[in-house]
Amino acid sequence: MIKEILVCLQGKEDEVLAKQISMLSERHHAKVKRISFAEAESCIEEGGQDVFFISDDKALLSKAQDRGISVNSPIKMRESYEKAMEMLKALGGKR
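Just so it is clear, the structure is predicted and the values come from calculations on it, not from any experiment.

So, how was this worked out
Residues numbered from 1 in each chain as written. Predicted model: local features only at pLDDT ≥ 70, side-chain atom pairs only at ≥ 80, totals over all residues. Heavy atoms only, no water. Helix = DSSP H or I, 4+ residues; strand = E, 2+ residues; numbered from the N terminus. Contact = heavy atoms within 4.5 Å. Polar contact = N/O pair within 3.5 Å; in protein donor to acceptor, adjacent residues only side chain to side chain. Pairing = 2+ DSSP bridges. Axes fitted to C-alpha atoms, helices over the stretch in contact; angles between N-to-C directions.

Undergrad: Any details on the environment of Ser55? Residues and values, ideally.
TA: Looking at the secondary structure, you find Ser55 in strand S3 (residues 51-55). With 29 residues separating them in the primary sequence, Ser55 and Ala84 have C-alpha atoms 21 Å apart. In contact with Ser55, other than residues within four places in its own chain, are Cys8, Leu9, Leu60, Leu61, Asn72, Ser73 and Pro74. Of the polar contacts made by the side chain of Ser55, one reaches the backbone nitrogen of Asp57; its length is 3.1 Å.

Below is the structure:
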């Protein structure tokens, strides 16, 4: 179960990503914490199975994944969102 969602971005958080983070937070009743890279390093070292880590830094994602933390990148989250929207449009067109 996810208790905390950690977000560490070099770039800017767009509207789609913000919505997805919000939905994850609601679904898991998890708090969202936006952190700096220095804070991310510390949080990764602490580890934890109840943390979900989102970052656009491949090295941080790799370190977190090696520590057993669930991870995702904004790019993959956007791709997933776009696929879901395509599927919904296709379903809507069949009716």
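Undergrad: Account for the environment of Val32, naming residues and giving values.
TA: Of note, Val32 is situated in strand S2 (residues 31-34). Residues Val32 and Lys3 lie 29 residues apart in sequence; the distance between their C-alpha atoms is 8.9 Å. Not counting the four nearest positions on each side in its chain, Val32 is found in contact with Ile5, Val7, Ile21 and Ser25.

Undergrad: Go over the sheet that holds S2, please, and point to the residues and values.
TA: As summarised here, the arrangement of the 4 strands in space is S2-S1-S3-S4, forming an open sheet in which the pairing is parallel. A single partner strand is all that each edge strand has here, and the edge strands are S2 and strand S4 (70-72). For this sheet, the mean angle separating the axes of adjacent strands, direction not counted, is 20°. Bridging between S3 and S4 involves 3 bridges; their strand directions are parallel. Paired with Ile54 across the bridge in S4 is Asn72. Contacts from helix H1 (residues 15-28) reach strand S1 (4-8), S2 and S3 within the one sheet, and its direction differs from that of S1 by about 160°.

Honestly, that's just the spatial picture; any functional story needs more than this.
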